[in-house]
Amino acid sequence: MKILKIAFQNINSLRGEHTIDFTKAPFLQNSLFAITGPTGSGKTTILDVISLALFNQVPRLGKMSTGEILKKGALLTRNQTEAYACITYRCKEGIFTSTWSISTNRNGKLRDYHMEITDAQSETIIDLKKSDIPGKNEELIGLNYDQFIKSVVLAQGEFAKFLQVPKKERGALLEKITGTEIYRRIGTEVYLRHKERAKELNGKRAKIETYKEQLLEETVYAEKQQEAKKLASEKELLLQNLESRAKEIELKNKLQKEEKELEKSLQELDKISTLKKVFDSEKGEKLKRHQDIQLFEEDLNLWQNLQEKITGKSNEISAITDALTTANTTREGLKQEFAELYKLHIDPANFSNQLETYKSKVRSLITDRNEIATTYKNSKTHIERLAAPLRFTTSVTQLFDFENELLNKQRVKTSAYKKLEAQFDLKNTPIEIRQKETQELLRQVRNAERAHTQLTHLKNKLDDEIKDLEELKSQKAGLPDTIDKLKAQLELKEAQLEVKRHKLEIEQLQKQLEDFRSELQPEAPCPLCGSLDHPFATQLPQQENGLKIAVSQLEHELNTLIKTRTIQETSLKNLTGQSHELQERIQRLSKELKTAQNLFDNEYNTVISGKENFSFQELENQLENKEQELKIAKQLQEELLVLQSLQSETLKLKELIEAGKTKSEAIAALFIGKNFEQEISLSETTWNRNEQHITQQTQLLKTAKENLNTLNKQNESLAASLLKKLQEKGYTTIEKALEQRLNASVAQSWTQENQKLETELIRLKTLSAKLIEEIKILQKTAGSKPLNELLEEQSMQKENLDSLETAAASLSRLILNQEQYLGWISDLKIQIETELKDAEHWHILNDLIGDATGNKFNDFAQDLTLAQLLQLANKRLLQLTDRYRIDQPGDEEDDSLVAIDEHMGGQRRSIKTLSGGETFILSLALALALSDLASRNIEINSLFIDEGFGTLDPETLDQTLDTLEVLQAESSKMIGVISHVDSLKERIATQIQLTQNGQGYSTLRVI
């Protein structure tokens, strides 16, 4: 993997867009280059750009998100709205460009970040979600984030320390550098797994011994089985007798029930017969006559309908006649109204023509007057709107007084404006320019005041956080000792509780029937037979040896200790977390305070310079007064223009008033009402409606008379035919026949009542006969013994059965317990055997690598890792110098690593005896070896060395640079050296120089 190009905008202190193209001069001629600049200028920011564009992570900050950027104030350059980081690299799959970007919305809030990856050769964007981009880069490069940082960015300080520390510290440092802490976790996990399984097996073995103690002897167990079989035979015989007795009782009960039911049915039969006789006498004859009349129902209904229609039509003719009389009277009244109100003499023939001519003439005059009124109203409204800001005391309707007040205002405002014009030289400089100058100065003063307030607030907040941190430290001081004491107490209580519980469990398993009887509770089921009635549980002495109370008390004490320990541990955890948070906040506030102080000094020095004992409030008051006077001058200038316009508009208003008067006099000569359109429309509508009503009623009267004549003819024909049929049934008139008809609902109700009585009589007679027959049969089969004697015999047999069941249940419980204990013991043995076989590998692993701290496996793994790392380092070291090799110390040597001096016959020397330059060469070899180890089979053609040069003397520095030049020439790697050492500029021609501008920003230049 080789980096070809870096491009970024507004990252940290590097404001603006920057590009570093490693495929162009001067990097083509020199692949060894330096990144130089003073501390804080942004040298490491270039490395941040690379990791951010590839993995959305920054080594010093971790994974980035909008929240993290806001919280830590990182990445986005101050006062900027957008930023991006872009890297182009070559790998086995081709050339790709990965980009990270972020921006703010129009409200100044950060949007979520965006990432994309492009195939640079085909110039196509790979379709992936932003969260998948880091994974895609990892796939293409062949390195994850941690491997990339260890392979590309080499920090020399950790390796210089690694060379000299003792073995124990070296293991921890190697674990940190290589990220191999997993071996420690594996060793600890193996130990815990083995311990947990051993504890489970011991628990199961203890249960087996407990169950064995509860087993019956073989002879006793055989006797109990024979006794249980005998009780089962007696119980079976007794159950058969109970079943036979229950059948006899059931027959006796059924006989009594049917005898009572027969008596009841005979009583109901007598009652229904009486009701039928009453119905026949009161309603039967009437119902029969109604049914005879119903033969002529259709003709009778038709005759009744004709009578109703004839009556209705006669009433309709009378009403139409009255309506015509009223309409003619209304017509005469309307003629008189038109003559008086509109000066028109009308009749039905000439009404439309006369009215249209009249309306046209009056409407023309009204339209002219309305146009004048509208113009007047608009002009008056315009004058009032212009005059409103000037606060006239006189209304426009009082035109003469309004004109006088207008002239007075012009004189006063002209005088005031002249004074301000001379004060601010407004003839030569416009008011707007004077206002902008004043507003800009006032804005700077206010910004300076806010920045000063924020600075004071940060100082106070930092002092408060420091006080809070000291208080937290004092609160946390005694908690670790308290927690250790609570842990010791908990272990003691747990051991005591385990002993008591074991004793109680053995006692419970050893309980016999008499023991369970003492624990029976009312309304609670028996544990042996399940019965809720306990007749043999009374008057027994209470038995309690104190074990349950002791276990309960120990459980309570143990829970109290656990709660107390949890509270203390939670307090310690919370206080520790709060302390870390406070320390982070104090560091952040200190940086913010320093940044704010520098910003205030840089941006607002010109505002307060030259002013001794100044006050922000006094400066603001002076500028605000000046701003107010300029505002008044601007307002006076605008008001004078308005007053001039008002004079012109007032003259136009006078002319409109005279024209309106002329039109109103012409309208009054033709119409004396108030609202012409409304009144003429109402009069016209009333006339037309009355005329239409007269026409309609005349036609209706003619139609009604014709219909009445037709109905009378139909009635005469139907009446003659119907009367002849009724006379045959004995009725002299149609009216008398109708008197015999019942109401339809009454007739239906009576018919249903009669049918119901007849149906019920049939049902009761049938039921009584059936019951008499069944009673005769039951009397023969039920036997002669009385029911009470049968019930007494059944009760005695049930008591005997209960006694047998109680004894059988007791024996069954003993036998079942024996079988359960044997089954449990067998299951536990199988489980132990299976688990021993399954856990054999854990036992072996624990012997090999397991311990509570994880040191056993970690030390072994670190020895292998160190051997591999030293082998790779010596290969690199051979490229740098042929004098030294690095080796692990022997038993008789110092704990630090050993340097083998080939120039001195293979002499072994402690690393601590080497000079600074020699130590640097060895640590550089280790760093390059770790790069090889982390990248495995991935070719890395870009390296950045970010530490170590600032502490070297000139001779060692020259030697180191010679080494790097040789390394670059032999390996064809692109190597970047990051340092602020000035002497690097003389040795390394190709440089990326960073320069600060004094305002917190930096610039970048490639030379």
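Residues numbered from 1 in each chain as written. Predicted model: local features only at pLDDT ≥ 70, side-chain atom pairs only at ≥ 80, totals over all residues. Heavy atoms only, no water.

On to the overall build of the chain, then. Looking only at helices and strands, one finds 26 helices and 17 strands in the chain. Among the 1007 residues that make up the chain, the fraction classed as buried is 36%. A separation of at least 24 residues holds for 73% of the contacts in the chain among residues at least 6 apart in sequence. Just so you have it, the chain exposes about 60,700 Å², and 50% of that area is on carbon and sulfur atoms. (Helix = DSSP H or I, 4+ residues; strand = E, 2+ residues; numbered from the N terminus. Buried < 20%, exposed > 50% of the residue type's maximum accessible area, 1.4 Å probe, protein only. Contact = heavy atoms within 4.5 Å. Areas by Shrake-Rupley, 256 points an atom, 1.4 Å probe, with all protein chains shown as cover.)

With respect to the helices and strands, Ser265 occurs in helix 8 (residues 218–293). Within the structure, the side chain of Ser265 is placed 2.8 Å from the backbone oxygen of Leu262, a separation counted as a polar contact. Leave out the neighbours within four places in its chain, and Ser265 touches Leu764, Leu767, Ser768 and Leu771. (Polar contact = N/O pair within 3.5 Å; in protein donor to acceptor, adjacent residues only side chain to side chain.)

Attention now goes to the packing of aromatic side chains. Inspection of the entire model under this criterion finds 15 aromatic pairs. Pairing Tyr821 with Trp824 gives two aromatic rings, centres 5.8 Å apart and planes at 65°, and the pair type is edge-to-face. Note that Tyr821 and Trp824 are positioned in helix 21 (residues 787–838) at a spacing of 3 residues, about one turn of the helix. When the centroid spacing of 6.5 Å and the interplanar angle of 20° are considered together, the rings of Phe857 and Phe860 count as stacked. Remark: Phe860 and Phe857 occur in helix 23 (residues 855–880); sequence separation between them is 3 residues, near one turn of the helix. (Phe/Tyr/Trp six-rings, centres within 6.5 Å; stacked < 30°, edge-to-face > 60°.)

As a further point, take helix 22 (residues 840–849). Taken residue by residue, helix 22 has Trp842, Asn846 and Ile849 as its buried positions. Take helix 22 and look down its axis: the buried residues cluster within an arc of 100°, on one side only. For helix 22, the elements touching its buried residues are helix 7 (182–213), helix 21 and helix 23. (Arc of directions from axis to C-beta.)

Okay, the packing of helix 8 against helix 20 (residues 744–781) next. Taken N-terminus to C-terminus, the directions of helix 8 and helix 20 make an angle of 155°; their axes are 7 Å apart at the nearest point. Our classification of the angle between helix 8 and helix 20 gives roughly antiparallel. Helix 8 and helix 20 meet at a crossing whose hand is left-handed. Looking at side-chain class alone, the contact of helix 8 with helix 20 contains 19 nonpolar, 9 polar and 15 charged residues. (Axes fitted to C-alpha atoms, helices over the stretch in contact; angles between N-to-C directions. Parallel < 35°, antiparallel > 145°, perpendicular 65-115°, else oblique. Left-handed = near helix turned anticlockwise from the far one by under 90°. Nonpolar A, V, L, I, M, F, W, Y, C, P; charged D, E, K, R; others polar.)

The next thing to look at is the pairing of strand 1 (residues 2–11). The element strand 1 is largely enclosed, with a buried count of 8 among its 10 residues. Where strand 1 lies against strand 6 (residues 82–91), 7 bridges are found, and the strand directions are antiparallel. Counted as the bridge partner of Ile6 is Ile87 from strand 6. Alignment of strand 1 against strand 2 (residues 14–21), held across 6 bridges, turns out to be antiparallel. When the sheet's bridge partners are listed, Phe8 is paired in strand 2 with His18. Connecting strand 1 to the next strand, strand 2, in antiparallel fashion are 2 residues, including Asn12 with a positive phi near 55°. (Pairing = 2+ DSSP bridges.)

Turning next to the nonpolar core. Counting 67 residues, the largest nonpolar core has Ile3, Ile6, Ile50, Leu75, Tyr89, Phe148 and Phe944 as its most contacted members. For this core, the element with the highest residue contribution is helix 1 (residues 43–55), accounting for 8 residues. Counting residues in hydrophobic clusters, the runner-up holds 22 residues, among them Ile293, Leu306, Leu722 and Ala737. (Core = buried A, V, L, I, M, F, W, Y, C linked by side-chain atoms within 4.5 Å.)

Mapped onto the secondary structure, Lys276 falls in helix 8. Each C-alpha atom, one on Lys276 and one on Glu753, is 9.5 Å from the other, the two residues being 477 residues apart in sequence. In contact with Lys276, not counting residues within four places along its chain, are Asn754, Leu757, Glu758 and Leu761. Of note is the side chain of Lys276, whose polar atom sits 2.9 Å from the side chain of Asp280.

Looking now at the sheet that holds strand 12 (residues 898–901). Spatially, the 3 strands line up as an open sheet ordered 11-12-13, and their pairing is antiparallel. Looking along the sheet, the strands with just one partner apiece sit at the ends: strand 11 (884–887) and strand 13 (907–910). Strand after strand, the sheet turns through a mean of 35° between neighbouring axes, direction not considered. Relative to strand 13, strand 12 is paired through 4 bridges, and the arrangement is antiparallel. If you follow Ile900 over to strand 13, its bridge partner there is Arg908.

Let us look at a negative patch on the surface. Among the surface-exposed residues, Asp463, Asp464, Asp468 and Glu471 lie close enough to one another that they form a single negatively charged patch. Its location among the elements puts Asp463 in helix 12 (residues 431–476). Residue class for Asp463 comes out partly exposed when judged on its relative accessible area of 44%. (Patch = residues over 30% accessible without salt bridge, like charges linked within 9 Å, V, L, I, M, F, W, Y side chains within 5 Å. Salt bridge = Lys/Arg side-chain N within 4 Å of Asp/Glu carboxyl O. Lys, Arg positive; Asp, Glu negative; His and termini not counted. Charge placed at Lys NZ, Arg CZ, Asp CG, Glu CD.)

We now examine the pairing of strand 12. Residue alternation in strand 12 divides its side chains into two sets, Val898 and Ile900 and Ala899 and Asp901, and both sets are buried. Counting the residues that bridge the hairpin from strand 12 to strand 13 gives 5 residues, and of these Gly905 lies at a positive phi of roughly 70°.

Attention now goes to the environment of Leu28. Within the secondary structure layout, Leu28 lies in the loop between strand 2 and strand 3 (32–36). On the basis of relative accessible area, Leu28 is assigned to the exposed category, the value being 56%. Considered as a pair, Leu28 and Met974 are 946 residues apart in the sequence and their alpha carbons are 9.9 Å apart. In this view, Leu28 contacts Phe22 and Thr23; residues no more than four positions away in its chain are not counted.

The next thing to look at is unusual backbone geometry. At the junction of Ala25 and Pro26, the peptide bond is cis and its omega measures out at 5° in the coordinates. As for its position among the elements, Pro26 is in the loop between strand 2 and strand 3. For Asn10, which is not glycine, the phi dihedral falls at a positive 55°. Position of Asn10 among the secondary structure elements: in strand 1.

The subject of this paragraph is the side chain of Lys43. Within the fold, Lys43 resides in helix 1. One polar contact links the side chain of Lys43 to the main-chain carbonyl oxygen of Gly37, over a distance of 3.2 Å. Within the structure, Lys43 has its side chain in polar contact with the backbone oxygen of Pro38 (distance 3.3 Å). Those residues in contact with Lys43, other than ones at most four positions away along the chain, are Ile35, Thr36, Gly37, Pro38, Ile978, Ser979, His980 and Leu994.

Taken as a whole, this structure holds 30 salt bridges when the rule is applied. Between Arg565 and Glu569 there is a salt bridge; the shortest N-O distance is 3.8 Å. One end of the pair, Arg565, and the other, Glu569, are both in helix 15 (residues 547–603), 4 residues apart, so they sit about a helical turn from each other. The class for Arg565 is partly exposed, based on a relative accessible area of 25%.

The subject of this paragraph is the confidence of the model for the chain. The pLDDT averaged across the chain works out to 81; a share of 88% of its residues lies at or above 70. Every residue in residues 539–544 scores below 50 in pLDDT, and together they form 3 contacts with partners more than four places removed in sequence or on other chains. (pLDDT = per-residue confidence, 0-100.)

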